[in-house]
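Examining the three-dimensional arrangement
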Amino acid sequence: MGLFGSTKRGPQQSTPHPLKQGTQIAIVDVNEEWVAWARAEKPREPRLGHRCGVALWAQGDDILVLAGNGGTVGRLSPRMADLYLPELLRLQRRGRIGTTDAFVKWEGSKGGHTVSLNWGERAVLGGIT
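Calculation notes
- Residues numbered from 1 in each chain as written.
- Predicted model: local features only at pLDDT ≥ 70, side-chain atom pairs only at ≥ 80, totals over all residues.
- Heavy atoms only, no water.
- Phe/Tyr/Trp six-rings, centres within 6.5 Å; stacked < 30°, edge-to-face > 60°.
- Lys NZ or Arg CZ within 6 Å of the ring centre and 35° of its normal.
- Buried < 20%, exposed > 50% of the residue type's maximum accessible area, 1.4 Å probe, protein only.
- Helix = DSSP H or I, 4+ residues; strand = E, 2+ residues; numbered from the N terminus.
- Arc of directions from axis to C-beta.
- Contact = heavy atoms within 4.5 Å.
- Polar contact = N/O pair within 3.5 Å; in protein donor to acceptor, adjacent residues only side chain to side chain.
- Expected span 1.5 Å × (residues − 1).
- Bend = angle between axes of the 7 residues up to and from the residue.

Right, let's get into the packing of aromatic side chains. All chains considered together, the criterion is met by zero aromatic pairs. When the ring centre of Trp 106 is taken as origin, the NZ or CZ atom of Arg 44, which lies over that ring, is 4.1 Å away.

Here's what the structure looks like:
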């Protein structure tokens, strides 16, 4: 416990907070074992792929995509991360972790794997929290 009774919380100790969804944002550095699991275990939805619940955690300048077991399965595209960092950091200071859906594309798809998020804080649609 830190000064004034505060303690740093990690992703596993944080309360889930559903994020607003809207568009699909690319995931990079995706864990291939997780992709194989999603394709084997989750039903494929037309035009979307295999839907999986994930959590987003800000760490430095990156936004990590975490699976249900807390393991990192990828990162939000660095080109888009700065739009979402302020709101995720605000959630984390409150002891919360953002949750949303990820879409693992089917084998042979030309599109990349994505997460569903509303536009960032600076956009017209009001952010993700």
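Moving on: helix 1 (residues 32–41). Of all the positions in helix 1, only Trp 34, Val 35 and Ala 38 are classed as buried. Viewed end-on, helix 1 has its buried residues packed into an arc of 100°, placing them on one side of the element. Summarising the geometry of helix 1, the exposed residues directed more than 90 degrees from the buried face are Glu 32, Glu 33, Ala 40 and Glu 41. Next to the buried residues of helix 1 lie strand 4 (49–59), strand 6 (72–76) and strand 7 (96–104). Near the N-terminus of helix 1, the side chain that reaches the backbone nitrogen of Glu 33, with its oxygen 2.7 Å away, is that of Asn 31.

Okay, helix 2 (residues 78–93) next. The end-to-end C-alpha separation of helix 2 is 22 Å, in line with the 22 Å expected for 16 residues at 1.5 Å each. The largest bend along helix 2 measures about 50° and falls at Tyr 84, with the proline Pro 86 one to four residues further on. Among the residues of helix 2, Met 80, Ala 81, Tyr 84, Leu 85, Glu 87, Leu 88, Leu 91 and Gln 92 are the ones counted as buried. Two residues or fewer after helix 2 comes Gly 95, characterised by a positive phi angle close to 80°.

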